[in-house]
Each structure stands twice: as C-alpha cells, then as structure tokens.
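# Commentary on secondary and tertiary structure
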Amino acid sequence: MDEYRLNILKKSSAEINRLQLLSVFFDDEIIYKIYLRTQVIHQLFTNNEDLEIEKLDLFHLQFTDSVIALLRKIKKSNEKNVALIYDEIDLNEALIDKMSGSFDDKNKFNQEKQKQSLKINQSLRRLYNNLSDLSTDFPFSKNISVFSAKYANDYYFDLTAEQLSQLIDYQGKNVYSNAYAIIEKKLMGRLCKFDFRTEFYLGLKSGELIIEVYKFLDSKTYYLFFPSRNLFLLCDLSVFNDLDTSNNLSERERIVQELEYKNDKLKSNAGVLKTSMSKDVQDLLESSYQKISDISFLNHLNYFDVQSNILKEMLRTDLF
C-alpha cells in the first residue's frame, strides 16, 4: 500500500477517533450510529485498494469534519451554560454553610421555651397577688422579653395586621388592669383554677410586633401574651384556619431546605443540559445519517456538498 493511501487512512482513523469521543460524551443514539457508519466506510476503503482513496478524504472533508465541528460547538456552549449553573450551586452551598453555622440549636430552643413558660407562670402568679393585694411590686420576671427577641425571626409564625388586631381586641369591662399589665378576668380565673400551670405553645409575629401563645397543661385552652402592652387574653386559634403550625422549622432552616431542593434541581438540570441538543440538530444529524447509510452514496459523493453546506450553515448560527 503506497504512502499516500496510508496517510489518508491514518487521517481517517484520527477523524473517527474524534467522532467516537464525541459519541461517548453525548451518549446519543444518532451520533453513535454516525460513528459506526463512518467506521464501516473507513473499513470499506481499507479492505478495497481499488477504491479511489481520495473519495474517503473527500467524505471526511465534506461530512465528518462538519459534524465534529458542530458537535464541538454544541459541547462548548453546553459546558459554558453548565458552568454558570454550577456557579449558582456553589453560591447556594456557601449560603447554606453560612446559615447552617448560625442555627440556634433546636434542643436549646425547646429548653428555653420551658424557661420562658416558667417565667410567665411566675409573673402571672405575682400579677394575681398584685391585683389581690393592691401591691405596687413589679410582677414580671427579669428579661422576660429576651426569648421572643432571640427567636421570633426564626421560629414565630406570620400574622396579618388584621389578624393581630383581632387577637388583641378586648372590652374594658372584661379585664383587670393596673400600672403593669392588663389581663382578661376569665383568664385569671382559669389560671387560679389550674394553679398557673401553662406552657409556651407558639409565637406569632406581624412586622415588629409579636405575640406569645401559651397553652394550659392537659387542656386545649390557649391565651396570649402581647409584650408591647403587657396584655394577657384568652385566644381561640381556630379562627385562623389558614395558620399552618405543623411546620416547626425555623425561618433559616426553611431557607436552607429550599436552597438544598433548588440545588438538587439545578444539578439534575446540569446533567441534562451538558449533553442536550436542539431538535433542529437532531433532525439534521438523522438526515445526514440516512444519506451516508445509502449503499450507493459513494457514487454521489461529489453531490454531497448540499448536506455539508447545511452543517456548515448551522455552525454559523447563534443557536449556541
């Protein structure tokens, strides 16, 4: 076999190797079929020295080179878009790490709920004594507002201004009041009956205003503490049917959960985008495969310019 023929076959093998790598990358049936068919054509010339070797060179020049160039352009464009997705993933993960590192431990929150319940119960017992004895002693426990200041942003549920107004509405004839607090008469009676045994149930917030809701032990009776006015009232949470108290995640935990879910979707999208091709490209490759699969296509190789030009025209578009 002369050197000229060997050189063309060597160049052909190199083209086929490049096409194989791209078929592996895209893992697409039509690209793999084109790769296999190109191998068959190469082998045809390898086994038949009477065939004009220039036709193999012309085939690669007109067809294989254009297919490889098109696939490389798509690959480069896809990888650029995937890189942007992973940049967003990295930013989200950095935010997740930052927010996770600043979580108030859930066990600590639960422990401090118990301490806050104790403070409220003691404060209400002293308030009862004040009202009974007309005492002027300050009834509230030290740092009673610290708990809400610390946890409201993360653990309290949102209320509308209208809902808050509805909760704290009362008639003067139904409450006891002194210089320190206002408390509903029925609530004070119930507190005395149950020996001031209540527990923190949940927190509510509307803008900067907060409400702490407490529950009588072994009972479905609730009352609220509105620190801005030192107001205590019985409350019926059933009026807020749209209030979802089943989700006890903190605000930051909810954000982290959303970011993690978003990253899962982004990673899935990146995996698909990496090897994606438009329908136009798919259709063109299918058409090209059908042409080179024609048993007589070598006889019409000189007229294969049309398909080659279509491939080259797609390379010049802004689709990628």
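Residues numbered from 1 in each chain as written. Predicted model: local features only at pLDDT ≥ 70, side-chain atom pairs only at ≥ 80, totals over all residues. Heavy atoms only, no water.

### A word on a negative patch on the surface
On the surface, a cluster of negative charge is contributed by D2, E3, E49 and D50. Structurally, E49 can be placed in the loop between α2 (29–47) and α3 (53–100). (Patch = residues over 30% accessible without salt bridge, like charges linked within 9 Å, V, L, I, M, F, W, Y side chains within 5 Å. Areas by Shrake-Rupley, 256 points an atom, 1.4 Å probe, with all protein chains shown as cover. Salt bridge = Lys/Arg side-chain N within 4 Å of Asp/Glu carboxyl O. Lys, Arg positive; Asp, Glu negative; His and termini not counted. Charge placed at Lys NZ, Arg CZ, Asp CG, Glu CD. Helix = DSSP H or I, 4+ residues; strand = E, 2+ residues; numbered from the N terminus.)

### Examining the pairing of strand β6 (residues 222–226)
With respect to burial, β6 is a largely interior element, five of its five residues being buried. Direction of pairing for strand β5 (residues 209–216) relative to β6: antiparallel, over a ladder of four bridges. Within the sheet, the bridge partner assigned to E212 lies in β6 and is F225. Between β5 and β6, which pair antiparallel and follow one another directly, the connecting turn spans five residues, one of which, D218, has a positive phi of 55°. Note that β6 and strand β7 (residues 231–235) share five bridges and pair antiparallel. If you follow Y223 over to β7, its bridge partner there is L234. Hairpin geometry of β6 and β7 is characterised by an intervening segment of four residues between the two adjacent antiparallel strands and by a positive phi of about 45° at N230. (Buried < 20%, exposed > 50% of the residue type's maximum accessible area, 1.4 Å probe, protein only. Pairing = 2+ DSSP bridges.)

### Notes on the sheet that holds β6
Read across the sheet, seven strands follow the order β1-β4-β5-β6-β7-β3-β2 without closing on themselves; strand pairing throughout is mixed. This sheet does not close on itself; its edge strands, each paired only once, are β1 (157–158) and β2 (175–177). Those strands touched by helix α5 (residues 146–155) are β1, β4 (198–206) and β5, and its axis lies near 95° from that of β5. Across the face of the sheet, helix α7 (residues 185–193) comes into contact with β2, β3 (182–184), β4, β5, β6 and β7 while running at roughly 75° to β3. (Contact = heavy atoms within 4.5 Å. Axes fitted to C-alpha atoms, helices over the stretch in contact; angles between N-to-C directions.)

### Re the nonpolar core
Generally speaking, a soluble globular protein has its nonpolar side chains buried in company with each other. In this structure, F26, I34, L56, L71, M277 and L285 are the most contacted members of the largest nonpolar core, which totals 28 residues. Elements that contribute at least two residues to this core include exactly α1 (3–26), α2, α3 and α9 (279–293). The greatest single-element share of this core, amounting to nine residues, is contributed by α3. Every residue in contact with L71, bar those within four places of it in the chain, is listed here: L19, L22, F26, I31, M277 and L285. If you look at the next biggest cluster of nonpolar residues, it comprises 24 residues, including L124, A152, Y155 and A181. (Core = buried A, V, L, I, M, F, W, Y, C linked by side-chain atoms within 4.5 Å.)

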